[in-house]
Amino acid sequence: MQENTFNFFKNEKKIDDKMILITGGAGFIGSNFIRFMRNKYPNYKIINFDKLTYAGNLNNVSLMEDNPDYVFMKGDVANQKDVKNVFEEFNPDYVIHFAAESHVDRSILNPDVFLQTNIIGTQYLLNFSRLNNVKKFIFISTDEVYGSIDKDHCTEESPICPNNYYSVSKAAADNLVKVSYQTHGQRINIVRCCNNYGQFQFPEKFIPLMISNAINNKDLPIYGDGNYFRDWLHVDDNCRAIDLVLHKGRIGEIYNVGGNNEWRNIDLAEYLLELIGKPKSLLSYIMDRPSHDYRYAVNFNKIRSELCWHPLIDFKIGIKQTVDWYLSHQDWLNEIISGEYLKYYDLNYKNRDAQE
Ligand code: NAD
Ligand code: TYD
């Protein structure tokens, strides 16, 4: 342990405290997870390591600013020096790796950064975690690694079959984490979760984009015929699952996390319009996403039976709260919907009228 480690934290570490390195903690799920942990385990020390890409926003963790047991460190998981620095400074006991390029449409426009961050970045974190005898490394993977399935549900043993640059990069990283366990006995878990929704989600993803556009009376862009299915889980339910995996997950195991809450895209968009009180005429069918996965669905019996986890937040309640959150946080939204966001929006959505 470096002598200066705790100078960064105002409270001293006691013997049973945990020092947790969270990567990507300024993003959607990472920031919700930090708040969740702060409420549940006020004695844990949290290091938030984030590059602050377009998706990273320190406003998401502004509540943590004055917390004596929280530190933010800016850094890139795909930069070996940055990763070395954070391990040298803090010598974490646990690593929970959320940081990623996370949006499929952006991965079609620019795949390279997905390979750098998601694959190389994960390997660097694995290397330093092993060197530093980290007690557990949790990789936040995704149900998208299984690829599209027409019916039934994927178990943890189902084949990995990604169909886009985002999911292929996550699948590669997921495999690297598995290999580190098989080769070195590295103490890992992998969590493969379905689509999350909730507060602080960047408005490029389906639900916050639909809400944001509806609030601003802009068209809601529906890819293809809208007959695609996603399984939606409240982010707080996912945080609870990750917490259980951290404390009780068996070393080397993969856990699927699902919502049991499948929605057709077009039905969900219509439901959001209804909640916000805007007309269906805002729906706009546009050219489909290339290599668009029809449906993701996981079987989560393993985490249910081993760790007693199941979703607790009813979708109709969770989505209403989420819509209300966006309605009451339009400053947060408006800060994002400018500059880089508008450029991306133009690039992804312009000249994309539906083809007859
Ligand atoms: P997000 O895009 O909202 O946040 C990603 C965060 O990672 C941002 O704060 C960003 O600044 C940071 N980051 C990106 N590149 C980095 C780099 N090179 N070094 C350090 N930090 C970097 O993503 P999210 O929706 O919160 O997803 C978090 C994780 O959960 C990802 O690994 C994603 O693959 C996975 N996941 C997400 C969902 C979902 O529905 N959002 C579902 C399943 C799995
Ligand atoms: P998204 O939030 O990008 O997540 P995923 O990684 O699961 O694809 O998209 C969810 C679904 O919504 C997916 O079927 C694509 C569709 N979609 C639209 O129809 N329009 C949009 O503008 C976006 C962003 C997504």
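Residues numbered from 1 in each chain as written. Chains lettered and ligands numbered in written order. Predicted model: local features only at pLDDT ≥ 70, side-chain atom pairs only at ≥ 80, totals over all residues. Heavy atoms only, no water.

Undergrad: Lay out the site of ligand 1 with the relevant residues and their values.
TA: Neighbouring ligand 1 are 28 residues; Ile29, Asp50, Ser102, Tyr166 and Lys170 lie closest to it. Backbone polar atom of Phe28 to an oxygen atom of ligand 1: 3.0 Å apart, as the coordinates give it. A distance of 2.8 Å separates a nitrogen atom of ligand 1 from a polar side-chain atom of Asp76. The protein chains hide 97% of the 840 Å² of surface that ligand 1 would expose on its own. Every element with two or more residues in the shell around ligand 1 is listed here: helix H1 (28-40), strand S5 (136-142), helix H5 (165-184) and strand S7 (195-197). Counting residues per element, the shell around ligand 1 draws most heavily on S5, at 3 residues. In terms of residue class, the shell around ligand 1 is made up of 13 nonpolar, 11 polar and 4 charged. (Near = heavy atom within 4 Å. Polar contact = N/O pair within 3.5 Å; in protein donor to acceptor, adjacent residues only side chain to side chain. Areas by Shrake-Rupley, 256 points an atom, 1.4 Å probe, with all protein chains shown as cover. Helix = DSSP H or I, 4+ residues; strand = E, 2+ residues; numbered from the N terminus. Nonpolar A, V, L, I, M, F, W, Y, C, P; charged D, E, K, R; others polar.)

Undergrad: Tell me what's going on with the nonpolar core, and back it up with residues and numbers.
TA: Counting 37 residues, the largest nonpolar core has Phe206, Ile207, Met210, Ile211, Trp232, Leu268 and Leu272 as its most contacted members. Where this core is concerned, the elements lending two or more residues are helix H6 (206-215), strand S8 (220-223), helix H8 (265-276), strand S12 (283-286), helix H10 (315-328), helix H11 (330-336) and helix H12 (339-349). Each residue touching Trp232, except ones within four places of it in the same chain, is listed here: Cys194, Asn195, Asn196, Tyr197, Phe206, Ile207, Gly259, Asn261, Trp263, Leu268 and Phe315. With 36 residues, the next largest nonpolar core counts Cys193, Tyr255, Leu307 and Trp309 among its residues. (Core = buried A, V, L, I, M, F, W, Y, C linked by side-chain atoms within 4.5 Å. Buried < 20%, exposed > 50% of the residue type's maximum accessible area, 1.4 Å probe, protein only. Contact = heavy atoms within 4.5 Å.)

Undergrad: I'd like a rundown of the site of ligand 2, residues and numbers included.
TA: Glu144, Arg230, Arg289, His292 and Tyr349 are the nearest of the 20 residues found near ligand 2. Here an oxygen atom of ligand 2 and a side-chain polar atom of Asn195 are 2.9 Å apart. Take Asn265: an N or O atom from its side chain is 2.8 Å from an oxygen atom of ligand 2. Computed on the free molecule, ligand 2 has an accessible area of 510 Å², of which 98% lies beneath the protein chains in the complex. Elements with a contribution of two residues or more to the shell around ligand 2: helix H3 (104-109), H6 and S8. The residue inventory of the shell around ligand 2, partitioned by class, reads 10 nonpolar, 4 polar and 6 charged.

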